[in-house]
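# An overview of the molecular structure
Here is how the chains run, residue by residue.
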Amino acid sequence: MEAGTAGLRLQLCSLIPGERSGIVGGLPDHSTSTLQLPQRWPAAEDTSNVERLSLTHSRRTRLVSRNGRSDTRLSSLYKKSGVNSETIHALADEAVLLKKKAEDLTPRLNERCIYLIGMMGSGKSTVGKILSEALGYSFFDSDKLVEQAVGGTSVAQIFKQYSESFFRDNESEVLHSLSSMHRLVVATGGGAVIRPLNWNYMKKGITVWLDVPLEALARRIAAVGTDSRPLLHHESGDPYDKALVRLRNLSRERGEVYANADVRVCLEYLATKQGLGDVSAITPTAIATEALVGMETFLKKTALLEMPRDNPP
Ligand SMILES: Nc1ncnc2c1ncn2[C@@H]1O[C@H](COP(=O)(O)OP(=O)(O)O)[C@@H](O)[C@H]1O
Ligand SMILES: O=C(O)C1=C[C@@H](OP(=O)(O)O)[C@@H](O)[C@H](O)C1
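What you are looking at is a predicted structure, and each value in this text was computed from that prediction instead of being measured. (Residues numbered from 1 in each chain as written. Chains lettered and ligands numbered in written order. Predicted model: local features only at pLDDT ≥ 70, side-chain atom pairs only at ≥ 80, totals over all residues. Heavy atoms only, no water.)

We now examine the nonpolar core. If you look at the biggest cluster of nonpolar residues, it comprises 74 residues, and the most contacted ones within it are Leu109, Ile114, Leu131, Leu135, Val208 and Met295. Among the elements that take part in this core, helix H13 (residues 284-306) stands out by supplying seven residues, more than any other. Setting aside chain neighbours within four positions, we find Leu109 in contact with Ile114, Leu135, Tyr137, Ile206, Met295 and Leu299. (Core = buried A, V, L, I, M, F, W, Y, C linked by side-chain atoms within 4.5 Å. Buried < 20%, exposed > 50% of the residue type's maximum accessible area, 1.4 Å probe, protein only. Helix = DSSP H or I, 4+ residues; strand = E, 2+ residues; numbered from the N terminus. Contact = heavy atoms within 4.5 Å.)

In structure tokens:
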């Protein structure tokens with residue numbers, strides 16, 4: 001197959017959750033496999049990799065919201081986790097706040113999709129799953145959709161077997177297909193921002209940049225390894241150092257492109273606001289909430305700009 005020319009074919013059957021819907025993808029030449037998404041667009045991703053304490057946020061929300069205050073039964077949920085009760089209640093409060101913000105914002109979103117952008121490891125998948133659950137949206141990871149469309153081939157293998165540009169073509173086609181849908185949270189690949197065409201697709205929804213310091217990204221990536229991230233993968237060297245060097249180069253190459261997002265969630269700013277010394281202490285739930293706050297501000301500004309001049313608020 002000629003790299004860069006053979007894109008996947010995606011066919012959308014329905015755009016509305018609750019109706020029969022799906023994406024069908026296949027590759028010419030070598031692949032007849034199809035990508036069939038579930039009928040009801042349930043959160044298409046499982047949440048098994050989400051950090052443990054964040055994962056259970058909806059469960060906490062249910063427990064807490066029943067009484068409108070932190071429930072002592074929360075303690076039993078975490079008895080074995082070694083987390084003290086103060087932390088448990090702080091996390092429960094965070095989850096309640098997230099749910100409340102999501103409920104407030106949902107009508108204003110008008111079913112628009114949310115695209116999370118940011119460098120590799122910035123938490124797009126982790127935060128995206130939490131955000132989608134809070135909003136009652138479906139979650140998609142564009143890397144996973146590309147992988148499925150290329151017959152279940154991993155991103156790393158696609159880069160190796162075909163090329164980066166072949167991956168980028170498929171990534172664009174996935175974003176194109178998703179752009180006509182509603183009520184989705186999409187974790188994009190870190191490099192999706194480099195093609196102006198992809199912005200045309202993503203701007204149909206709201207774009208949210210997770211802005212995380214490179215050192216924190218390198219720490220996260222060193223912890224999980226670079227096998228699934230071909231642009232950071234090198235055979236030898238200290239995992240943190242080599243991830244940081246590659247991230248610095250990529251960040252320099254990409255310049256200010258992430259700043260085109262409608263909303264910026266800056267973890268350094270958030271850490272200062274929360275009185276935390278380090279961005280690594282910010283939970284994905286708090287980041288998801290900050291994303292909702294940013295979207296609210298963005299939507300208010302947009303509404304003001306669209307308001308006729310002779311009809312001020
Ligand atoms: N707020 C956070 N604090 C600490 N670790 C995080 C946070 N968000 C994500 N991670 C971890 O960082 C790694 C990369 O996160 P992921 O969501 O896969 O990023 P992306 O989708 O942007 O590449 C994962 O191991 C994840 O558990
Ligand atoms: O930054 C990039 O160019 C890439 C980021 C990756 O996604 P994540 O940001 O989810 O790691 C994946 O799309 C591919 O390895 C290329």
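After that view of the structure, there is still more to cover.
Inspection of every chain in the model, using the stated rule, returns 11 salt bridges. As a salt-bridge pair, Glu164 and Arg168 come within 3.0 Å of each other at their nearest N and O atoms. Placement of the pair is Glu164 and Arg168 together in helix H8 (residues 164-178), with a separation of four residues, close to one helical turn. With relative accessibility at 30%, the residue Glu164 sits in the partly exposed group. A salt bridge links Glu215 to Arg248, with the nearest nitrogen and oxygen atoms 3.8 Å apart. (Salt bridge = Lys/Arg side-chain N within 4 Å of Asp/Glu carboxyl O.)

Let's shift gears to the site of ligand 2. Not every one of the 13 residues close to ligand 2 is listed here, only the nearest: Lys124, Asp143, Arg168, Arg229 and Arg254. Take Arg229: an N or O atom from its side chain is 2.8 Å from an oxygen atom of ligand 2. Protein chains shield 96% of the accessible area of ligand 2, which is 390 Å² for the free molecule. Tallied by class, residues from the shell around ligand 2 come to five nonpolar, three polar and five charged. (Near = heavy atom within 4 Å. Polar contact = N/O pair within 3.5 Å; in protein donor to acceptor, adjacent residues only side chain to side chain. Areas by Shrake-Rupley, 256 points an atom, 1.4 Å probe, with all protein chains shown as cover. Nonpolar A, V, L, I, M, F, W, Y, C, P; charged D, E, K, R; others polar.)

In the neighbourhood of ligand 1, 14 residues make up the surrounding shell, with Gly121, Lys124, Ser125, Thr126 and Arg229 lying closest. Contacts to ligand 1 include Gly121, whose backbone N or O atom sits 2.9 Å from an oxygen atom. With respect to ligand 1, the side chain of Arg229 contributes an N or O atom lying 2.7 Å from an oxygen atom. Contact with the protein chains covers 79% of the free accessible surface of ligand 1, which is 560 Å². Those elements giving two or more residues to the shell around ligand 1 turn out to be helix H5 (124-135), helix H10 (214-224) and H13. Among the elements that take part in the shell around ligand 1, H5 stands out by supplying three residues, more than any other. Each residue belonging to the shell around ligand 1 can be placed in one class, and the counts come to six nonpolar, five polar and three charged.

Taken across its six residues, strand S6 (residues 206-211) has six buried, putting it largely inside the fold. Both faces of S6 are covered, namely the face carrying Ile206, Val208 and Leu210 and the face carrying Thr207, Trp209 and Asp211. Relative to S6, strand S3 (residues 114-117) runs parallel, the two sharing four bridges. Bridged to Tyr115 within S6 is Thr207. Two strands pair when backbone bridges link them, and S6 and strand S7 (residues 263-266) are joined in this way by four bridges, in the parallel orientation. (Pairing = 2+ DSSP bridges.)

Atomic detail in the predicted coordinates should be set aside for any region of low pLDDT. Mean pLDDT over the protein: 79, with 72% of residues reaching 70 or higher. For this predicted complex, the interface score ipTM comes out at 0.99, while the overall pTM is 0.79. (pLDDT = per-residue confidence, 0-100.)

Right, let's get into the environment of Asn110. Relative to the assigned elements, Asn110 resides in the loop between helix H4 (85-109) and S3. The exposure class assigned to Asn110 is exposed, which follows from its relative accessible area of 59%. Taking C-alpha positions, Asn110 is 8.6 Å from Arg183, a pair spaced 73 residues apart along the chain.

A positive phi angle, close to 55 degrees, is found at Asn110, a residue other than glycine. Notably, Arg183 is not glycine yet its phi reads approximately 55 degrees, a positive angle. Looking at the element boundaries, Arg183 is found in the loop between H8 and strand S5 (184-187). Judged by relative accessible area, Arg183 falls into the partly exposed class, the value being 23%.

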